[in-house]
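Structural overview
The residues making up each chain are set out below.
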Amino acid sequence: MKKLWRSLSNKKDSSETNIDDIQMEHIPAHIAIIMDGNGRWASKRSLPRIAGHHEGMKVVRKITKKASELGVKTLTLYAFSTENWKRPKTEVDYLMKLPEEFLGTFLPELVKENVKVEMMGDKDLLPSHTKRALEKAQIDTRDNTGLVLNFALNYGSRAEMIHAVHKVLADVNNGILNKEEITEEVFSDYLMTKHLSDPDLLIRTSGEIRLSNFMLWQLAYTEFWFTDVLWPDFNEEHLLDAIRTYQQRSRRYGGLK
Ligand code: FPP
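Think of each chain on its own: its residues are numbered from 1, step by step along the sequence as written. Local features in this predicted model are restricted to residues of pLDDT 70 or higher, and side-chain atom pairs are both shown and tallied only at a pLDDT of 80 or more, whereas totals for entire chains, interfaces and linings draw on every residue. Side-chain metrics in this entry use all non-hydrogen atoms of the structure; hydrogen atoms and water are not considered.

In this section: the sheet that holds strand E2 (residues 74-81). In this analysis, strands are considered paired if DSSP registers two or more bridges between them. Strands are runs of DSSP state E lasting at least 2 residues, helices are runs of H or I lasting at least 4, and numbering of each runs from the N terminus. One open sheet accounts for 6 strands, arranged E3-E4-E2-E1-E5-E6; its pairing is parallel. At either end of the open sheet lies a strand with only one pairing partner, and these are strand E3 (116-120) and strand E6 (223-226). Each neighbouring strand pair of the sheet contributes to a mean axis angle of 20 degrees, computed without reference to strand direction. Pairing between strand E1 (residues 30-34) and E2: 5 bridges, direction parallel. Across the sheet, isoleucine 33 pairs through a bridge with leucine 77, a residue of E2. Contact criterion: two residues are considered in contact whenever any of their non-hydrogen atoms come within 4.5 Å of each other. Note on method: axes are straight lines fitted to C-alpha atoms, helices fitted across the in-contact stretch only, with angles between N-to-C directions ranging 0 to 180 degrees. Its contacts with the sheet put helix H5 (residues 128-140) on E3 and strand E4 (148-155), and the angle it makes with E3 is roughly 140 degrees.

In structure tokens form, the structure reads like this:
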């Protein structure tokens, strides 16, 4: 019966979302997401904050799958900022366990779906179990050619830029780089995203309208989409809504259409 209904209904993709009005040739190549609202989602249900993070982790799986099906090239997810260390230790400890839990459960699926796992941020401060889980995922998926799933973990954009400036100065001092050669393109090559295109679409959930030290350089010409939906409630339909809005925008990069 379900099959019959499906064949009679509009074009659907595997998770029953309607993608008829999505221009498949105009899918944002790089989507970056500030996944916000886990704590509020939990509080509304009188649950501990970590329950919100756990639910948020499940959404990461759904959205990765959908982005991959749609042909998105890169999905960057802000999972832990350099400022998140200020949270209570129990919450930080739990957030540091999530990559392990996520990859422990879903890595085989990611491998099968041709997803390549990457991470950006300062790895040095991550607990060794978190690092190990991410390194294993990076090794197991390094030959995959599909969606790049890029976790921003212990990531802060200002720290990234300062680090880049230090590397530029070192290269100038060592004679590898001339001062005159420092252009926007060259500087971009010193950032953690040097091998990635800049995000085309930024999504932030939970009604907050700010960047919170996320990809400040890379988001210069990105289209922004904000929603009041809390991250644990975010689903494939919301992702499609964001993409529909993106497809209606006129990107002029400071020029004329
Ligand atoms: C912000 O919500 C969210 C975070 C700091 C953590 C985001 C992490 C996940 C969604 C899970 C990541 C999964 C993997 C696989 C690494 P908040 O806690 O600030 O929410 P609030 O503003 O409502 O308090």
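And the narrative resumes.
Of all residues adjacent to the ligand, which total 17 residues, the nearest are Gly39, Arg40, Arg49, His53 and Arg87. Between asparagine 38 and the ligand, the recorded distance is 3.2 Å, taken from a backbone N or O atom to an oxygen atom. Between N or O atoms, a polar contact is any pair within 3.5 Å; within protein, one atom must be a potential hydrogen donor and the other a potential acceptor, and residues adjacent in sequence are included only when both atoms are from side chains. Between the ligand and glycine 39, the relevant distance is 3.1 Å, taken from an oxygen atom to a main-chain nitrogen or oxygen of the residue. Surface exposure here means Shrake-Rupley accessible area, sampled with a 1.4 Å probe, where a residue is shielded only by the protein chains that are shown. The fraction of the free accessible surface of the ligand (630 Å²) that becomes covered by protein chains is 91%. Going through the elements one at a time, helix H2 (38-44), helix H3 (49-70) and helix H4 (89-112) are the ones with two or more residues in the shell around the ligand. Polar here means any residue other than Ala, Val, Leu, Ile, Met, Phe, Trp, Tyr, Cys and Pro, which are nonpolar, and Asp, Glu, Lys and Arg, which are charged; Gly is therefore polar. For the shell around the ligand, the residue count by class is 8 nonpolar, 5 polar and 4 charged. The near set for a molecule or strand comprises every residue that places at least one heavy atom within 4 Å of it.

Note on terminology: a nonpolar core comprises buried Ala, Val, Leu, Ile, Met, Phe, Trp, Tyr and Cys residues joined through side-chain atoms within 4.5 Å. Any residue under 20% of the maximum accessible area for its type is buried, any over 50% is exposed, and the rest in between are partly exposed; the area is computed with a 1.4 Å probe on protein chains only. Ranked by size, the top nonpolar core spans 48 residues in total, and within it Ile31, Ile33, Leu75, Phe102, Leu103, Ile203 and Phe234 carry the most contacts. Here the element with the most residues in this core is H4; it accounts for 10 residues. With near-sequence residues (within four places) excluded, isoleucine 33 lies in contact with Ile63, Leu75, Thr76, Leu77, Tyr78, Ile203, Phe214 and Trp231. By size, the runner-up hydrophobic cluster in this structure holds 10 residues, among which are Ile34, Met120, Ala152 and Leu219.

Quick look at the environment of phenylalanine 187 now. For phenylalanine 187, the location among the structural elements is in helix H7 (residues 184-188). What makes phenylalanine 187 buried here is its relative accessible area of 11%. Sequence separation between phenylalanine 187 and glycine 156 is 31 residues; the distance between their C-alpha atoms is 17 Å. For phenylalanine 187, the contacting residues outside a window of four places in its chain are Met161, Ala164, Val165, Val168 and Trp217.

By the element assignment, histidine 238 lies in helix H8 (residues 236-248). In this view, histidine 238 contacts Trp225, Val229 and Asp233; residues no more than four positions away in its chain are not counted.

The next thing to look at is the packing of aromatic side chains. Pairing of aromatic side chains here covers Phe, Tyr and the six-membered ring of Trp, requires ring centres within 6.5 Å, and sorts the geometry by plane angle: under 30 degrees stacked, over 60 edge-to-face, intermediate tilted. Throughout the structure, instances matching the rule amount to 10 aromatic pairs. Centre to centre, the rings of phenylalanine 80 and tryptophan 85 are 4.8 Å apart; their planes meet at 70 degrees, and the pair counts as edge-to-face. Each ring, one from phenylalanine 102 and one from phenylalanine 151, has its centre 5.9 Å from the other, and the planes form 80 degrees; the classification is edge-to-face. Here the residue phenylalanine 102 occupies a position in helix H4, and phenylalanine 151 occupies one in strand E4, the gap between them amounting to 49 residues. An aromatic cluster is present here, built from Tyr78, Tyr155 and Phe214 joined pairwise through their rings.

With that settled, consider H3. Here the expected length of a helix is defined as 1.5 Å per residue gap, with one fewer gap than residues. Between its terminal C-alpha atoms H3 stretches 32 Å, which fits the 32 Å expected from 22 residues at 1.5 Å a residue. Within the span of H3, buried status applies to Gly52, His53, Gly56, Met57, Val59, Val60, Ile63, Thr64, Lys66, Ala67 and Leu70. In the segment just after H3, glycine 71 is the residue with positive phi, at about 90 degrees.

On to the pairing of E6, then. Only one face of E6 is buried, namely the one carrying Glu223 and Trp225, since none of Phe224 and Phe226 on the opposite face is buried. Where strand E5 (residues 201-204) and E6 come together, 4 bridges link them in parallel fashion. Across the sheet, leucine 202 pairs through a bridge with phenylalanine 224, a residue of E6.

Right, let's talk about the side chain of asparagine 38 for a bit. Looking at the secondary structure, you find asparagine 38 in helix H2. Here histidine 53 takes part through its side chain, which lies 3.0 Å from a polar atom of the side chain of asparagine 38.

The end-to-end C-alpha distance of H8 is 19 Å, a good match for the 18 Å that 13 residues give at a rise of 1.5 Å each. When H8 is considered as a whole, its buried residues turn out to be Glu236, His238, Leu239, Leu240, Ala242, Ile243, Arg244, Tyr246 and Gln247. Where H8 begins, the capping side chain belongs to asparagine 235, and its oxygen is found 2.9 Å from the backbone nitrogen of glutamate 237.

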